[in-house]
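Summary of the model geometry
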Amino acid sequence: MSDKNGLTYKDAGVDIDAGEALVARIVPAAKATRRPGADADLGGFGGLFDLAAAGFKDPVLVAATDGVGTKLKLAIDTGLFDGLGQDLVAMCVNDIVVQGAEPLFFLDYYATGKLEVDGAARVVEGIARACRESGCALIGGETAEMPGLYRKGDFDLAGFAVGAVERGAILPKTNLMQAGDVLIGVASSGVHSNGFSLVRKVVEISGFGLDAPAPFELDTKLGEALLAPTRLYVKGALEAIHAGGIKGLAHITGGGITENLPRALPANLDAEVDLECWTPQPMFSWLAKIGGISAAEMLRTFNCGIGLIAVVTENSAGHVIDAFQTSGDKAVRLGKLVAGSSHAASAAISDRTGDEPKVIYRGTLKL
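Heads up: these notes are all about the structure in this document. (Residues numbered from 1 in each chain as written. Predicted model: local features only at pLDDT ≥ 70, side-chain atom pairs only at ≥ 80, totals over all residues. Heavy atoms only, no water.)

Turning our eyes to something else, we now look at the overall build of the chain. Within the chain, the regular secondary structure consists of 11 helices and 10 strands. In terms of C-alpha radius of gyration, the chain reaches 22 Å, essentially the compact-globule figure of 21 Å for 367 residues. When the backbone C-alpha atoms are referred to their principal axes, the chain occupies close to 80 × 55 × 40 Å. Counting over 367 residues, the chain shows a buried share of 50%. Counting contacts in the chain only where the partners sit at least 6 residues apart, residues at least 24 apart contribute 84% of the total. On the chain, roughly 16,500 Å² of surface is accessible, and the fraction owed to carbon and sulfur atoms is 52%. Averaging the locations of the 33 positively and 44 negatively charged side chains of the chain gives two centres separated by 2 Å. (Helix = DSSP H or I, 4+ residues; strand = E, 2+ residues; numbered from the N terminus. Rg over C-alpha atoms; globule rule 2.2 N^0.38 Å. Buried < 20%, exposed > 50% of the residue type's maximum accessible area, 1.4 Å probe, protein only. Contact = heavy atoms within 4.5 Å. Areas by Shrake-Rupley, 256 points an atom, 1.4 Å probe, with all protein chains shown as cover. Lys, Arg positive; Asp, Glu negative; His and termini not counted. Charge placed at Lys NZ, Arg CZ, Asp CG, Glu CD.)

Sheets are built from strands paired through backbone hydrogen bonds, the pairs being either parallel or antiparallel. Across the sheet, which stays open at both edges, the six strands sit in the order β6-β8-β5-β9-β7-β10 with mixed pairing between neighbours. The sheet is open, and its two edges are formed by β6 (246-251) and β10 (359-362), each paired on a single side. With strand direction ignored, the average angle separating the axes of adjacent strands in the sheet is 30 degrees. Bridge count between β6 and strand β8 (residues 306-312): five bridges; the pairing is antiparallel. If you follow L249 over to β8, its bridge partner there is A310. With respect to the sheet, helix α11 (residues 317-326) is in contact with β5 (182-187), β6, β8 and β9 (331-339), its orientation differing from that of β9 by roughly 140 degrees. (Pairing = 2+ DSSP bridges. Axes fitted to C-alpha atoms, helices over the stretch in contact; angles between N-to-C directions.)

Attention shifts here to the sheet that holds strand β4 (residues 155-166). Pairing in this open sheet of four strands is mixed, and the strands run β1-β4-β2-β3 from one edge to the other. At either end of the open sheet lies a strand with only one pairing partner, and these are β1 (59-67) and β3 (137-145). On average, adjacent strands in this sheet sit at an angle of 15 degrees to one another, irrespective of strand direction. Packing against the sheet, helix α3 (residues 84-97) makes contact with β1, β2 (102-112) and β4, and its axis sits at approximately 30 degrees to β4.

With that settled, consider the pairing of β3. Note that β2 and β3 share eight bridges and pair parallel. In the sheet register, F105 faces β3, and the bridge partner there is A137.

Bringing the environment of T313 into the picture now. Residue position: T313 is located in the loop between β8 and α11. Taking C-alpha positions, T313 is 33 Å from A52, a pair spaced 261 residues apart along the chain.

Enumeration over the complete set of coordinates arrives at six aromatic pairs. Measuring from centroid to centroid gives 5.4 Å for F81 and F155, while their planes differ by 90 degrees, and the two rings are edge-to-face. Pair noted here: F81 is in the loop between α2 (71-78) and α3 and F155 is in strand β4, with a separation of 74 residues, a long-range link. By the burial criterion, F81 is buried, and F155 matches it. Considering the side-chain rings of Y110 and F155, the 5.1 Å spacing of their centres and the 15 degrees angle between planes classify their relative orientation as stacked. With Y110 in strand β2 and F155 in strand β4, the pair connects residues that are 45 residues apart, well separated along the chain. You'll find Y110 and F155 in the same group, each marked buried. Within the aromatic cluster, the residues linked to one another by ring pairs are F81, Y110 and F155. (Phe/Tyr/Trp six-rings, centres within 6.5 Å; stacked < 30°, edge-to-face > 60°.)

Of all hydrophobic cores here, the largest spans 104 residues; its most connected members are F106 and L261. With 10 residues, the next largest nonpolar core counts A54, F56, A137 and A164 among its residues. (Core = buried A, V, L, I, M, F, W, Y, C linked by side-chain atoms within 4.5 Å.)

Packing of α2 against helix α5 (residues 196-206) leaves a shortest axis separation of 8 Å and a crossing angle of 50 degrees. In this view, α2 runs oblique relative to α5, as classed from their interaxial angle. Between α2 and α5, the residues in contact are K71, K73 and L74 and F196, V199 and R200, respectively. Residues of the contact of α2 with α5, tallied by class, amount to three nonpolar, no polar and three charged. (Parallel < 35°, antiparallel > 145°, perpendicular 65-115°, else oblique. Nonpolar A, V, L, I, M, F, W, Y, C, P; charged D, E, K, R; others polar.)

Its location among the elements puts T301 in the loop between α10 (295-299) and β8. Its relative accessible area of 14% is what places T301 among the buried residues. A distance of 2.7 Å separates a polar side-chain atom of T301 from the backbone oxygen of E297. If we ignore the near neighbours within four places in the chain, the residues touching T301 are G195, L198, T253, G254, G255 and G256. (Polar contact = N/O pair within 3.5 Å; in protein donor to acceptor, adjacent residues only side chain to side chain.)

Now for the side chain of R35. Structurally, the position occupied by R35 is in the loop between α1 (16-31) and β1. Looking at R35, the relative accessible area reads 11%, which means it is buried. Residues in contact with R35, not counting those within four places in the same chain, are F49, A54, E102, P103, L104, G135, C136 and A137.

Structural data, given as structure tokens:
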């Protein structure tokens, strides 16, 4: 065959050599995430996982997929990519562990207009670090170079994780929940990866540059503070589950406590949360003040300092708090479950009505 015009794929904007260079760089990071059940090298058409080798007897698979959202825009504007991998993994594995499951493996998808090997490698290496910390194997992924679809410098991330739980250990156990059960809140590391369209709007009206000192955190630039990676709750949650007494867990993501905690509750019970039990990180106070954001809007948009909530028996509350704190998480009693339906009229902040479980807030959020 004769090449009439001599065009190559690279002329069209796709650099195969750059893709191969990226794979070569990330292979060691991926290999470091190996665990029982996942020993294959990268490069196959699909990732393999052996459930029997992982030690499960009667497993139910739990899958989750997510992205990082418009937090990516702040990362692109600042060039701070190292925490994005943890954001991506955390948004998936935290959703898996609240079902009582152990995350087993992870796959990532990285799409861009022009592949910059160093920046992409920093992201994937962060993914591998977070997988290793979560006991989760990075068994594959996809890098897509799509000129014309993304503007110069832009990229997108998505992730997919699978975990497993023995059939009898699936959470939440809503049939066992009752009024008087205790709510344990586990601290977040900041805004995590939700609400960044509002965060970016607040930054815009504040007049602060992302490279300016953060007005709420000494010796830290504003962009760096807002980009603090999403906390990984896998180790702490699994330790707390093993401690016994946990009936349910809720990952506090977009929608805040207001929308996420009811997802782990039965219809006949509400959650009564004492807002005086914790103090949100200063960045939340700054966002609320600069944006004129009400407490109700803060609580249904951001995690406000609480990234995970456990529902436990009264007798187990102390052991569960100890288990989280032994794993490096800060945990506090937030409140309790109460009989449902009759509390809507007295709720200080609540958007839920009817027979659905809802959150009843007491006290004032410390913004």
